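Architecture and fold: a report
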There are 2 protein chains.
Amino acid sequence: MIAKRTAILIGKAIEKVMRDGKRQPVEEVSLLQSANRFLAEDIVATNPVPAFDRALYDGYAIRAEDTANEPVTLQVIGEIGAGSVFTGDVQPNQAVRIMTGAEMPVGCNAVVMLEDVIERDAQKIEVRQLVQCGARVFLKGAEIQQGACVVAKGTQITPGVIGILATFGYHRVPVFMKPVVGVLATGSELLDVDEPLAPGKIRNSNSYMLLAQVEQAGGEAVYLGKLEDDLEKSVEVMQHALTKVDVLITTGGVSVGDYDYLPAIYAQLGAEVLFNKLAMRPGSVTTVAVLGEQYLFGLSGNPSASFIGFELFVRPLIRQRLGSDIPHLLSVPAVLADDYSAPNQFTQLIRMKSTFCNGQLIASVNGLNMSGAITAIAGVEALAVLPPTTTGYKRGQTVDVLLLAAQKGQAHSYWGDENES
Amino acid sequence: MIAKRTAILIGKAIEKVMRDGKRQPVEEVSLLQSANRFLAEDIVATNPVPAFDRALYDGYAIRAEDTANEPVTLQVIGEIGAGSVFTGDVQPNQAVRIMTGAEMPVGCNAVVMLEDVIERDAQKIEVRQLVQCGARVFLKGAEIQQGACVVAKGTQITPGVIGILATFGYHRVPVFMKPVVGVLATGSELLDVDEPLAPGKIRNSNSYMLLAQVEQAGGEAVYLGKLEDDLEKSVEVMQHALTKVDVLITTGGVSVGDYDYLPAIYAQLGAEVLFNKLAMRPGSVTTVAVLGEQYLFGLSGNPSASFIGFELFVRPLIRQRLGSDIPHLLSVPAVLADDYSAPNQFTQLIRMKSTFCNGQLIASVNGLNMSGAITAIAGVEALAVLPPTTTGYKRGQTVDVLLLAAQKGQAHSYWGDENES
């Protein structure tokens, strides 16, 4: 069965995938389990920071006005460590020995450092300089006011965000539940990873690669095994899979060949095909279909094509569901280290290594530039975007690359605006 | 107790930490569990890739020499799907229908695409062009020869590496065991995350941040609670902790104040102090000690200082033990978006956001530039390195920044060569 396929532009395809706009349900996890998850609520300062006027240095808490006519001798009426509170009443010409981080005693408004006083005896210090009100004090609320939003909903939780969650007492953290993404391989040429090679066969590498990509994107990956070359059985397996997953990825079996039965499966499932051919290389025979709120991605069986198809289409969908407002790969300009002289009527995506040289990002091809190549995927750091060309691209030319595995992303896809005609 | 402290340069300090050079023991994990771990062996191609001459397109496998006098009519003697093997013998002027990915039949050496033949009937095709030997065939071993090293020991396992491991049948993967890194907080001002704020107190945020940094660096993080302000009890707690961890981080309690008892604890433990003061801001009172093969890091209680201390000293140690030959943060030049006009006799490390603008990396300060600030750590992406200055730094000036959370690193620390006098 050969389905009629009309190629659409990459940007249009991404738009169709993202139109849905659905968010995942919310769950609470413990603070330690929240790393790399996506916040389901704005994190609000539950107290001002600092929560009290805090000494920035070890020294003496004083009343700045006492130093107006320096030198002045102050009486030391107590001492206060971090975490303690001085309950006494500090009168004119009195001081309190204070440690970094401790709360300023009532009546004091500045700290003088140890090296700036002369300790006359245990109860007497001499200050020989004019001290400004507020000196070496981190004033209550100076960093953040109570009620201010400190981290926005949809932010991925980094170690720094964990520090903030702890500061504001979030021992339980509201996060978006991970979308469950199942991966099904197709193709009778596929062996399991632990099987010995046999004539005409290759091992199933795409499934494992895709499962790792799902986890990296923030999803929960479920390995669903292999579809058999049988229409009825395949429909059954996929129907069953769809009871367990939010997103179902198949890899392989969508080539325009005699054995392609995925269009028939989509039809029997009642899924609406958003597109089944793309104006891009590799990955032109990528299919995306929807069934209610569930997505079916039919990625190519070629390792590069399925890798790239995931990053362009599945990753942003997962991140959108996780509330991210920067779900797409970050694009930056880079200088080509190689020639790509062949004309091409489609946009090409090339697997690149990227290095900085004199402040410029340099993109060099990573291994064999063939969609069937597998070893080249190991070191890939970026995808160069080469728009249709009659003249090819030259070494030294600047093109845009999409950075993989960057924690940062961008709001719109690279093709979201004027980058595609 | 105030210990005598002599500040050493950052580069020298990193060198002292890294001198050890120890590697973790090796364990095997399943392929799916190996993501983000570090390879403990070179991964070698257990078969050539492709393992057989493979058709790159759907079409007909032919003998190229038959097309020398085109047009030619060829007899179709069979068909072959991916994963099947054609066992017949292909004679002159014969062809076999073939699918993408299938093994070429013996005797055939080229593929013609469907659109390039005229199908006369089910058994006859006409080829009207000269076909080159090897056309549209991915020759056995063309991508990689059997026995070649495809991924080096010490490489962090990305989705692409997982694809390669699957290709070569590694269903169990040798990885370096994660170093166990314990985190102990100190400071009587610290509350647990789930406690309500109290006068003079702050919540323990550094411990949770550091635990997340440990996991991000590749270690196994263990939360060990809080040290009490009691020398004997602290020694006991740390002795017990050292029976369980490879690396022990304390945060706080190392300020040059009356309450600093960590030097005495190190002495009682018999640990050798490598350094206890650094010529850097923030984090000047960072202490590192060794006890046999175990490391004790005494990081500052200031959130920024402990964050930075981890990234500069603990992260590379963890990655060195995991076999990485690029354990240090990657340094790249960036343009300052702000002025830093204050002179400083020490190297400053400033928390930055980084954005690309016209191909240049721009570093702008992230939140309050104070080591006591906590909210600014959430969005930090890079650390700007500002060497000692009498004139300050100006907006528009290019400086070097260390990229955080980049998968990539570098072999030597930023200060490893000529970057420090």
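Residues numbered from 1 in each chain as written. Chains lettered and ligands numbered in written order. Predicted model: local features only at pLDDT ≥ 70, side-chain atom pairs only at ≥ 80, totals over all residues. Heavy atoms only, no water.

Re the interface of chain A and chain B
Going by this rule: In this analysis, two residues are considered to be in contact whenever any of their non-hydrogen atoms come within 4.5 Å of each other. Simply put, the buried area is the total loss of 1.4 Å probe accessible area from both parts when two parts are fitted together. Counted as salt bridges are all cases of a side-chain nitrogen of Lys or Arg within 4 Å of a carboxyl oxygen of Asp or Glu.
Chain A puts 81 residues into the contact, and the matching count from chain B is 80 residues. Of all residues in chain A, the largest losses of buried area upon contact with chain B belong to A:Pro159, A:Phe356 and A:Thr375, amounting jointly to 9% of the total for that side. Taken together, the connections running from chain A to chain B amount to two salt bridges. Residue B:Glu381 pairs with A:Lys408 through a salt bridge whose shortest N-O separation is 3.2 Å.

Observations concerning the sheet that holds strand E5 (residues 72–80) of chain A
Residues and elements named next belong to chain A. Convention followed: Pairing between strands is defined by DSSP: at least two bridges between them are needed. Segments assigned H or I by DSSP are reported as helices when at least four residues long, segments assigned E as strands when at least two residues long, and all are numbered from the N terminus. Lines fitted to C-alpha atoms define the axes, with helix axes restricted to the stretch in contact, and inter-axis angles between N-to-C directions lie between 0 and 180 degrees.
The six strands are arranged E7-E4-E6-E5-E9-E8 in an open sheet whose pairing can be described as mixed. This sheet does not close on itself; its edge strands, each paired only once, are strand E7 (110–113) and strand E8 (117–121). Here the average twist between neighbouring strands, direction ignored, is 40°. In this sheet, strand E9 (residues 124–127) lies alongside E8 in antiparallel orientation, the contact comprising four bridges. Bridged to Asp121 within E9 is Lys124.

Re helix H3 (residues 206–217) of chain A
Let me state the cut-off plainly: The length a helix should cover is 1.5 Å for every residue beyond the first. In this scheme, a residue with accessible area under 20% of its type's maximum is buried, one over 50% is exposed, and one in between is partly exposed, where area comes from a 1.4 Å probe on protein chains only.
In a regular helix each residue adds 1.5 Å, so 12 residues correspond to 16 Å; H3(A) covers 16 Å between its end C-alpha atoms and thus fits that length. Within H3(A), 10 of the 12 residues are buried, leaving the element largely enclosed by the surrounding structure. Considering only its buried residues, H3(A) is in contact with strand E13 (180–185), strand E16 (220–226), strand E17 (247–251), strand E21 (294–299) and helix H6 (303–321) of chain A together with helix H2 (159–167) of chain B. Directly beyond the C-terminal end of H3(A), a positive phi value near 115° is found at A:Gly218.

Quick word on the pattern of salt bridges
All names here are of chain A. Here the structure, examined in full by the defined rule, presents 20 salt bridges over all chains. The salt bridge involving Glu65 is made with Arg63; its shortest N-O contact spans 3.8 Å. Its relative accessible area of 44% is what places Glu65 among the partly exposed residues. You can call Arg63 buried: its relative accessible area is 16%. Several salt bridges converge on common partners, so that one network encompasses Arg63, Glu65 and Asp66.

Considerations on unusual backbone geometry
Here the amide bond leading from A:Arg281 into A:Pro282 is cis, since omega sits at -10°, within 30 degrees of zero. Following the sequence through the fold, A:Pro282 ends up in the loop between strand E19 (280–281) and strand E20 (287–291). Located in the positive-phi region is B:Asn36, a residue other than glycine, with phi close to 75°. Relative accessible area serves as the criterion here: at 45%, B:Asn36 is assigned to the partly exposed category. The backbone phi angle of B:Asn93 is positive, close to 65°, even though this residue is not glycine.

A look at the packing of aromatic side chains
This is how the line gets drawn: In this analysis, rings of Phe, Tyr and Trp, with Trp reduced to its six-membered ring, are considered paired at centre separations within 6.5 Å, and the interplanar angle assigns stacked below 30 degrees, edge-to-face beyond 60, and tilted for intermediate values. Whether a charge lies above a ring is judged from NZ of Lys or CZ of Arg, which has to be within 6 Å of the ring centre and within 35 degrees of the ring normal.
In the structure shown here, the tally under the stated rule is nine aromatic pairs over all chains. Taking 5.8 Å as the distance between ring centres and 50° as the angle between the ring planes, the aromatic pair formed by B:Phe275 and B:Phe313 counts as tilted. Taken together, the positions of B:Phe275 in strand E18 (residues 272–275) and B:Phe313 in helix H6 (residues 303–321) put the pair 38 residues apart, joining distant regions of the chain. Judged by centre distance (5.1 Å) and plane angle (90°), the ring pair of B:Tyr414 and B:Trp415 falls under edge-to-face. Taking the relative accessible area as the measure of exposure, B:Tyr414 reaches 8% and is therefore buried. A residue is classified by how much of its surface remains accessible, and B:Trp415, at 5% relative accessible area, is buried. Seen from the ring of A:Tyr60, A:Arg97 lies directly overhead, with NZ or CZ sitting 5.6 Å from the centre.

Section: the relation of the copies chain A and chain B
Note the threshold: The copies were overlaid by least squares, fitting only the C-alpha atoms of residues that reach a pLDDT of 70 or more in each copy.
Aligned on chain B, chain A shows an RMSD of 0.1 Å; the corresponding rotation is 180° and the shift along the axis is 0.0 Å. The relationship between the two copies is best expressed as a two-fold rotation axis. Residue by residue, 99% of the interface of chain A is reproduced at the interface of chain B, so both copies engage with the same surface.

Some thoughts on the environment of B:Ala82
Here B:Ala82 lies in the loop between strand E5 (72–80) and strand E6 (94–98). Overall, B:Ala82 belongs to the buried group, its relative accessible area being 12%. Each C-alpha atom, one on B:Ala82 and one on B:Ala337, is 56 Å from the other, the two residues being 255 residues apart in sequence. Residue contacts for B:Ala82: discarding those within four places in its chain leaves A:Ser188, A:Glu189, B:Met99, B:Thr100, B:Gly101 and B:Ala102.

A short note on the packing of helix H1 (residues 10–18) of chain A against H6(A)
Residue and element names in this part refer to chain A. Worth spelling out the cut-off: Oblique is the label for any angle not covered by the other classes, which are roughly parallel (under 35 degrees), roughly antiparallel (over 145) and roughly perpendicular (65 to 115). Less than a right angle of anticlockwise turn of the near helix away from the far helix marks a crossing as left-handed, whereas a clockwise turn marks it as right-handed. For this classification, the nonpolar set comprises Ala, Val, Leu, Ile, Met, Phe, Trp, Tyr, Cys and Pro, the charged set comprises Asp, Glu, Lys and Arg, and every other residue, Gly included, is treated as polar.
Following both chains from N to C, one finds H1 and H6 inclined at 30°, their axes separated by 10 Å at the closest point. What the angle tells us is that H1 and H6 run roughly parallel. In this structure, H1 meets H6 at a crossing whose hand is right-handed. From H1, Ile10, Ala13, Ile14, Val17 and Met18 reach across to H6, where they touch Leu312, Phe313, Pro316, Leu317 and Gln320. Residues that form the contact of H1 with H6 fall into these classes: nine nonpolar, one polar and no charged.

Observations regarding the packing of helix H4 (residues 231–241) of chain B against helix H5 (residues 262–269) of chain B
Residues and elements named next belong to chain B. The interhelical angle for the contact between H4 and H5, taken along N-to-C directions, is 55°, at an axis separation of 10 Å. Taken together, the axes of H4 and H5 lie oblique to each other. As H4 runs across H5, the sense of the crossing is right-handed. Facing H4, whose interface residues are Leu231, Glu232, Ser234, Val235, Met238 and Gln239, H5 presents Leu262, Ala264, Ile265, Gln268 and Leu269. Among the residues forming the contact of H4 with H5, the class breakdown is seven nonpolar, three polar and one charged.

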